Amino acid sequence: MLRINDEAPNFTAETSQGTINFHEWIGNGWAILFSHPKDFTPVCTTELGYMAGLEPDFAKRNCKIIGLSVDPVSSHQKWAVDIEETQGHKVNYPMIGDPELKIAKLYNMLPAQVGDTSEGRTASDNAAVRTVFVVGPDKKIKLMLSYPMTTGRNFDEVLRVLDSIQLTAKHKVATPANWKPGGDVIIAGSVSDAEAKEKYPNGWKAPRPYIRIVPQPK
């Protein structure tokens, strides 16, 4: 099974914008790979449209978006028309075709024994192919979220988590429950009090010695 901090498996695949090598496509930035069990499904249609609307916000954070569905790229291109007409946003990010289920299996979203074709498979057969992966510049998995088919994914939350991940990668802090950009943060446990005093000369709030709260670093 894949875990956080594992290297995101690399692959070469056909997309709606041509053939890509995943790691090369990511480059030196961040990436979000989010998967779908089948084209022309209602919940996924809303998700792809919403992500298309959020794409500029992710771009500001040096983060690319890429979708995946187990159907062929030719089907994705037809689906994109429906997405734009019903959701009001054009999908400008690439959509991976995975008709042989190779990537779904590579990312442990489907077991190896399911076969090697999407033909004849329903969305319910592929219900587990509804995962969001956030991948860092080091090509390691920073976040995994899996949702049931009947529940649309909260991509505002993915954006919030990306803000947290990028902040905590730059500074030795962690973000508390329900944190939002600009809110207070927690000094990482790996930072000694002596080191913390150098970085935060005005001190910190500490309801317990291990909970050291400071304003978000700029």
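The notes below deal with the structure included here.

What counts and what doesn't
- Residues numbered from 1 in each chain as written.
- Predicted model: local features only at pLDDT ≥ 70, side-chain atom pairs only at ≥ 80, totals over all residues.
- Heavy atoms only, no water.
- Helix = DSSP H or I, 4+ residues; strand = E, 2+ residues; numbered from the N terminus.
- Contact = heavy atoms within 4.5 Å.
- Lys, Arg positive; Asp, Glu negative; His and termini not counted.
- Charge placed at Lys NZ, Arg CZ, Asp CG, Glu CD.
- Axes fitted to C-alpha atoms, helices over the stretch in contact; angles between N-to-C directions.
- Parallel < 35°, antiparallel > 145°, perpendicular 65-115°, else oblique.
- Left-handed = near helix turned anticlockwise from the far one by under 90°.
- Nonpolar A, V, L, I, M, F, W, Y, C, P; charged D, E, K, R; others polar.
- Pairing = 2+ DSSP bridges.
- Core = buried A, V, L, I, M, F, W, Y, C linked by side-chain atoms within 4.5 Å.
- Buried < 20%, exposed > 50% of the residue type's maximum accessible area, 1.4 Å probe, protein only.
- Disulfide = S-S within 2.5 Å.
- Phe/Tyr/Trp six-rings, centres within 6.5 Å; stacked < 30°, edge-to-face > 60°.

## Notes on the overall build of the protein
Link 1 in the chain: For the protein, the helix and strand inventory stands at six helices and 11 strands.
Link 2 in the chain: Dimensions of the protein, computed from the C-alpha atoms along their principal axes, are close to 60 × 35 × 30 Å.
Link 3 in the chain: Contacts spanning at least 24 positions in sequence make up 64% of the contacts within the protein whose residues lie at least 6 apart.
Link 4 in the chain: Averaging the positions of the 25 positive and the 25 negative side-chain charges in the protein gives two centres separated by 9 Å.

## Details of the packing of helix 2 (residues 42–60) against helix 5 (residues 155–170)
Link 1 in the chain: Following both chains from N to C, one finds helix 2 and helix 5 inclined at 30°, their axes separated by 10 Å at the closest point. Judged by the inter-axis angle, helix 2 sits roughly parallel to helix 5. By crossing handedness, the relation of helix 2 to helix 5 is classed as right-handed. Across the interface between the two elements, Glu 47, Tyr 50, Met 51, Leu 54, Asp 57 and Phe 58 from helix 2 touch Phe 155, Asp 156, Val 158, Leu 159 and Leu 162 from helix 5.
Link 2 in the chain: Across the contact of helix 2 with helix 5, the residue classes break down as eight nonpolar, no polar and three charged.

## Observations regarding the sheet that holds strand 11 (residues 211–214)
Link 1 in the chain: With antiparallel pairing, four strands are arranged side by side in an open sheet as 8-9-11-10. With one partner strand each, in any of the chains shown, strand 8 (173–174) and strand 10 (205–208) form the two edges of the open sheet.
Link 2 in the chain: Across two bridges, strand 8 lies against strand 9 (residues 185–187) in antiparallel orientation. Pairing of Val 173 across the sheet is with Ile 187, part of strand 9.

## A short note on the nonpolar core
Link 1 in the chain: Counting 25 residues, the largest nonpolar core has Ile 32, Phe 34, Met 51, Phe 58, Tyr 93 and Val 134 as its most contacted members.
Link 2 in the chain: Sorting the residues of this core by element identifies strand 3 (30–36), helix 2, strand 4 (63–69), helix 3 (73–87), strand 6 (131–135) and helix 5 as the ones contributing at least two each.
Link 3 in the chain: If near-sequence neighbours (up to four positions away) are discounted, Phe 34 is found in contact with Leu 48, Met 51, Ile 65, Ile 66, Gly 67, Leu 68, Tyr 93, Thr 131, Val 132, Arg 153 and Phe 155.
Link 4 in the chain: If you look at the next biggest cluster of nonpolar residues, it comprises 24 residues, including Leu 2, Ala 8, Leu 101 and Tyr 107.

## Points about the environment of Ala 188
Link 1 in the chain: Tracing the backbone through its elements, the reader meets Ala 188 in the loop between strand 9 and helix 6 (193–199).
Link 2 in the chain: Spatially, the C-alpha atom of Ala 188 lies 5.5 Å from that of Lys 172, the residues being 16 residues apart in sequence.
Link 3 in the chain: Once residues lying within four places of it in the same chain are set aside, the contact partners of Ala 188 are Lys 172, Val 173 and Arg 212.

## Quick word on the environment of Pro 217
Link 1 in the chain: Topologically, Pro 217 is positioned in the segment after strand 11.
Link 2 in the chain: Other than its neighbours up to four places away in sequence, Pro 217 contacts Leu 167, His 171, Val 173, Val 185 and Tyr 200.

## Focus on the state of the cysteines
In a disulfide, the sulfur atoms of two cysteines are held together by a covalent bond.
Link 1 in the chain: Counted by the stated rule, this structure contains zero disulfides.
Link 2 in the chain: The thiol of Cys 44 is unpaired, and the distance to the nearest cysteine sulfur, on Cys 63, comes to 19 Å.
Link 3 in the chain: Taking relative accessible area as the criterion, Cys 44 reaches 3% and is therefore assigned buried.

## Digging into the packing of aromatic side chains
Link 1 in the chain: By the definition in use, this model includes seven aromatic pairs.
Link 2 in the chain: When the centroid spacing of 4.8 Å and the interplanar angle of 10° are considered together, the rings of Phe 11 and Phe 22 count as stacked. Note that Phe 11 is positioned in the segment before strand 1 (12–15) and Phe 22 in helix 1 (residues 22–26), a separation of 11 residues in sequence.
Link 3 in the chain: Its relative accessible area of 6% is what places Phe 11 among the buried residues.
Link 4 in the chain: Ring geometry for Tyr 107 against Phe 133: centres 5.0 Å apart, planes inclined by 70°, an arrangement best described as edge-to-face. Pair noted here: Tyr 107 is in the loop between helix 4 (102–106) and strand 6 and Phe 133 is in strand 6, with a separation of 26 residues, a long-range link.
Link 5 in the chain: For Tyr 107, a relative accessible area of 3% corresponds to the buried category.

## Some points on the packing of helix 2 against helix 3
Link 1 in the chain: Relative to each other, helix 2 and helix 3 sit at 75°, their axes nearing to 9 Å. The orientation of helix 2 relative to helix 3 falls into the category roughly perpendicular. The residues of helix 3 that touch helix 2, namely those facing Cys 44, Thr 45, Thr 46, Leu 48 and Gly 49, are Trp 79, Ile 83, Thr 86 and Gln 87.
Link 2 in the chain: Across the contact of helix 2 with helix 3, the residue classes tally to four nonpolar, five polar and no charged.

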